[in-house]
Amino acid sequence: MYQTFRPLLDALARRGADPRALERAAEEATRTGRSIRAVLINDHIVTETQLTEASADADGIKFVDLVGYPIESAAMAKIPLALVLRHRVLGLSMNDHEIVVGITDPGDVVALDDVRAATGLTVRPVVVARTELRKIIDRLRREENDLADIADSLRTEQAPAAAALTSANDDAPIVRYVNSMIEQAIVSRASDLHLEPTEHDMRVRCRIDGVLHEVDTVPRHVQSALVSRIKIMSNIDITERRVPQNGRMTVEVNHRSVDLRTATLPTVWGEKVVLRVLDTSGINLALDSLGFTDANHQRYAASFTKPHGMLLVTGPTGSGKSTTLYATLAEISKPTVNIITVEDPVEYRLAGVNQVQVDHKAGLTFAAVLPAILRSDPDVVLIGEIRDRVTAQLAVEAALTGHLVLSTLHTNDAPSAVTRLVEMGIEPFLVGSSIDCVLAQRLARRLCDWCKREYSPTEAELAAARWPVDLLPAPAALWKPAGCRSCAGTGYRGRIALHEVMAMTEEIEELTIRRASAHDLQRVAMAQGMRELRVDGLAKAADGQTSLAEVLRVAV
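For the chain, the name recorded in an unreviewed UniProt entry is Bacterial type II secretion system protein E domain-containing protein, with Planosporangium mesophilum as its organism. In its Sequence similarities (unreviewed entry) section, the UniProt record describing the chain reads: "Belongs to the GSP E family."

Structural data, given as structure tokens:
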């Protein structure tokens, strides 16, 4: 009689629901034509969560609790809002071929077909609670209405009202939208938030674990108001649109303060804005937590435990250089040591360390402040970045006069740092005498421990990766990403550093004085035990910390 209800009723009974109450609900639903779900909820026979879990069990589909769930912004933006509102569906995570969709009724084939047609991806439904889904969809609708309100106000005004842009009132549409956008980026663990103007609209993207994901698209006529609001929050001149500008803001998210560094850049379609999230709450400044192998840690520690000399960390922007240097300072900081830093900007505040921020407008540059720092009796000096010959010369002189100097350079590998200083105009014998160690690093995404899958690599795959069998035995097993709730379906969660540590030995110092090439320096360093970035990454792939594809993405 109740065959259509039977799988659901059985699943509820297995979860402890009263079988007699379930039968009465089925009879009432049959007699009145009401939904069995409505009867069960309205008569307080089961809770919504129990019903949702049982429904997923009955349909053989996974249940997902949206409370605290790390929804992937790109997946949420992939489904048009009109479809989200019409069918009550929500993109949760995605990869190149599949999108995971939260839905309350997995039997709604029309909704799933519409999502498949709109995204062009295979749809994998999961069951979610109706109440939690409604909360998220309502927030999406509010954000869409905020954009519409902003657009309407701009159609009637030549410029955004100053009161709206400077308002601290969270009810102002533009304020609500910008706050929501920044909060979502921080909650999603984004390191950067990009607002990029195009010919027809403005694209909003977040960089999560080193990879950019598109999260929203803003109409072009809203662009000026959004950029102006962010400029005001960052204390940047809103009237200047022709030159790049930099600023900083502090926002409160989940009862904690988060700093953001703002950079604007004029493009042919308007100003691009990048917000760098400087969230130190989740940063572990313990050196042994940064992914060093035992050999690399010993080589690196041997340099920063010396009383003088120069230690350089190299790599592209966003490769974790600052985090490594801060962890190094935390390791050597003690009441008997005077540490002074000069940075642009100061990203993390460290207790017991004297930190100076560069101010180009006031003339407080690296080159201008370094002589003053050296007159302040430092034991350790951290220079945020060596950008020119004057700064490099001062750093070398400080290292040669009894100070431990830590700094960064933008080079592709460790040996290139030596030749870069020589190219800047520093005498080779001074470079060889001052440098004690060069650390090059990259960040690779770490495999999610909950869902990574083991597989046997083929010989062709190892050959394509140029697996160094003379240094690392060919692995019988590697791991690859799968995707689960913990990692928002990406297969990765967090990042791990790949390192290349070159110590300045007598042989390398002699080559430096003879102005040898970076290739010659690399060959000697490898013969003395240095492990290349790629080899360090492959070792971590063999250990199951990251995937082979990820190593090849970040290390040549």
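### Quick look at the overall build of the chain
Across its full length, the chain holds 22 helices and 18 strands. With respect to the principal axes defined by its C-alpha atoms, the chain has extents near 95 × 65 × 45 Å. Put simply, the chain has 556 residues, and 50% of those count as buried. A sequence separation of at least 24 residues applies to 63% of the contacts in the chain between residues at least 6 apart.

### Quick look at the pairing of strand β4 (residues 190-197)
On a regular strand, one side chain projects to one face of the sheet and the next to the other, so that they alternate. When you tally the buried positions in β4, you get eight out of eight residues, the bulk of the element. Judged from the seven bridges that link them, β4 and strand β5 (residues 201-208) form a sheet pairing that is antiparallel. Residue Glu196 lies in a different strand from β5, and its bridge partner there is Arg203. Once β4 ends, the chain turns through three residues before running back antiparallel as β5.

### Remarks on the pattern of salt bridges
For the structure on display, the rule yields 19 salt bridges. Put simply, Arg523 and Asp520 hold a salt bridge, and the shortest N to O gap is 3.2 Å. Residue Arg523 and its partner Asp520 are both found in helix α20 (residues 518-527); the two are separated by three residues, about one turn of the helix. Using a relative accessible area of 48% as the deciding quantity, one classes Arg523 as partly exposed.

### Looking at the sheet that holds strand β1 (residues 89-94)
Strand order across the open sheet formed by three strands is β1-β2-β3, with mixed pairing between neighbours. Edge positions in the sheet fall to β1 and β3 (122-127), since each has one partner strand and no second. Recorded for the sheet is a direction-independent mean angle of 35° between the axes of neighbouring strands. Sheet topology note: the strand β2 (residues 98-103)/β3 ladder contains six bridges and is parallel. Within β3, the residue paired with Glu98 across the bridge is Thr122.

### Some remarks on helix α12 (residues 294-304)
Within α12, burial applies to Asn296, Tyr300, Ala301, Ser303 and Phe304. The buried residues of α12 occupy one face: seen down the axis, they fall within an arc of 155°. Turned more than 90 degrees away from the buried face of α12, the exposed residues are Asp294 and Gln298. The elements touched by buried residues of α12 are β10 (309-314), α13 (321-332), β14 (404-409), β15 (435-447), β18 (492-503) and α21 (533-542).

### Quick look at the nonpolar core
Leu312, Leu421 and Ile435 are the most contacted members of the largest nonpolar core, which totals 46 residues. Tallying contributions element by element places helix α15 (residues 389-400) first for this core, with six residues. Leaving out residues up to four positions away in the same chain, Leu312 has contacts with Ile386, Ser407, Leu409, Ala417, Leu421, Ile435, Cys437, Val438 and Leu439. Core analysis: the next-biggest nonpolar cluster, separate from the first, contains 30 residues, Val175, Ala185, Val215 and Val222 among them.

### Re unusual backbone geometry
We note that Arg88 has phi near 60°; this positive angle belongs to a residue other than glycine. Positionally, Arg88 belongs in the loop between α6 (81-87) and β1. Assessed through its relative accessible area of 30%, Arg88 is described here as partly exposed.

What counts, and at which threshold
In this numbering scheme, every chain counts its residues from 1 along its sequence in written order. Only residues with pLDDT of at least 70 are given local features in this predicted model, and only at 80 or more are side-chain atom pairs given and counted; all residues enter the totals for whole chains, interfaces and linings. Computation of side-chain values covers all heavy atoms of the structure but excludes hydrogens and water. UniProt positions are given in the numbering used here, feature names are shortened, and annotations may be inferred rather than shown by experiment. Strands here mean DSSP runs of E at least two residues long; helices mean DSSP runs of H or I at least four residues long; both are numbered from the N terminus. Each residue's exposure class comes from its accessible area (1.4 Å probe, protein chains only) as a fraction of the maximum for that residue type: buried when under 20%, exposed when over 50%, partly exposed otherwise. Here a residue-residue contact requires only that any non-hydrogen atoms of the pair lie within 4.5 Å. Each pair of strands is called paired provided DSSP finds at least two bridges between the two strands. Salt bridge criterion: a side-chain nitrogen from Lys or Arg within 4 Å of a carboxyl oxygen from Asp or Glu. Axes here refer to lines fitted to C-alpha atoms; in helices the fit is confined to the stretch in contact. Angles between the N-to-C directions go from 0 to 180 degrees. The arc under discussion is defined with respect to the helix axis, by the directions toward the C-beta atoms. Note on terminology: a nonpolar core comprises buried Ala, Val, Leu, Ile, Met, Phe, Trp, Tyr and Cys residues joined through side-chain atoms within 4.5 Å.

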